[in-house]
Amino acid sequence: MSVSQVLNNISDSFFANEHDKIMYFSMPKELMYNLPDEITRRTHIIDLATEFNPLAPFCDILLHCKPTKEAIHQHAYSVQEPTLQSFFANGIADERYDLIICNEIDYEKHRMQATLLELMRQFCTEYFLILNAHLMSKGAIEFLSKLVCTEFPGKIIFCFDSERIETAESFLDNFYQTIENHKNFFDITEYEAGEPHSHEQKDVPPLTFDTIFRPLHNCRLMVTPTQGVSLCRRFEPLLQSIPLTKDELHRIYFEIALLYYYSHNYDNVPYYLDKITREQNDDELTILSLICYLY
């Protein structure tokens, strides 16, 4: 049986079963990028190699599904509602007027995930294919572990690059070992990819102020600081090679400092605040950074 027939049979069976909501594939990268053409049902493709939203792919799914303002208002923790309303309306979260207290970060994270889980239950009504699922953050894996116990109308297929699992972080390796014994997990590593199909890997968007600042800012306000720190470590070595104004660079440094603070990596915070305050400007960001530094 060809790999196309295998994938068609598995996916058709999955879509026909109204009780199965989540399925996992593990396959080589070349075969993974053929997968969209092997699935006969219309699915929305989310490639985690090019998406940096908080708790990706789940916030990406909700951005597509467009939860209503009324539902967000009904289920959101009151101080988080403006963040959620603005994020789902514009793709970027509005700044909060209150300060998230560090020792309340776990509670804030719990309330945020509870709201997003309820929105997934109500509004995830379509079919989604997640490529490069091995790039999910620790927070996304935790969220997925809750989602599998939740009824929702749509279906989601997660596709892991089998060649990247061996070098994955421990939290992902542990999750992978858990799901590989499930009936809805399929290892397709023994099949050849065959001829290339129409779906190809998208290029990562060019790094600009917006493509760096937006995901860091959203991760902070959507209470996913650990994911934000991972993005910081990815972006920070590249900052000097990107044309940024001094103000833009300082705004990025301030987001990095806060993400390290909220993820309890306190030793890294002064380094980035110092990069702002050493300029001795009297703008609002410098003054705020100095207050944080002294605090």
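See above for the structure.
Notes on the structure in this doc start here.

Thresholds, definitions, all that
- Residues numbered from 1 in each chain as written.
- Predicted model: local features only at pLDDT ≥ 70, side-chain atom pairs only at ≥ 80, totals over all residues.
- Heavy atoms only, no water.
- Buried < 20%, exposed > 50% of the residue type's maximum accessible area, 1.4 Å probe, protein only.
- Helix = DSSP H or I, 4+ residues; strand = E, 2+ residues; numbered from the N terminus.
- Contact = heavy atoms within 4.5 Å.
- Pairing = 2+ DSSP bridges.
- Axes fitted to C-alpha atoms, helices over the stretch in contact; angles between N-to-C directions.
- Right-handed = clockwise from strand over helix to strand, strands pointing away.

When we look at burial in helix α8 (residues 138–147), the residues that qualify are G139, A140, I141, F143, L144 and L147. Buried residues along α8 sit against β1 (22–27), α4 (58–65), α7 (105–123), β4 (155–161) and α9 (170–179).

Right, let's get into the sheet that holds β4. Strand order in the open sheet made by the 5 strands is β2-β3-β4-β1-β5, with parallel pairing throughout. Each edge of the sheet is formed by a strand with only one pairing partner; in this case those strands are β2 (44–47) and β5 (185–187). Ignoring strand direction, the axes of neighbouring strands in this sheet form an average angle of 15 degrees. In the sheet, β1 pairs with β4 via 6 bridges, with the strands oriented parallel. Across the sheet, residue I22 finds its bridge partner in β4, namely I156.

Further remarks concern the pairing of β4. By the criterion of burial, β4 is predominantly enclosed, with 7 of the 7 residues buried. Burial along β4 is two-sided: K155, I157, C159 and D161 facing one way and I156, F158 and F160 facing the other are all buried. With respect to chirality, the unit in which strand β3 (residues 127–131) leads through α8 into the neighbouring parallel β4 is right-handed.

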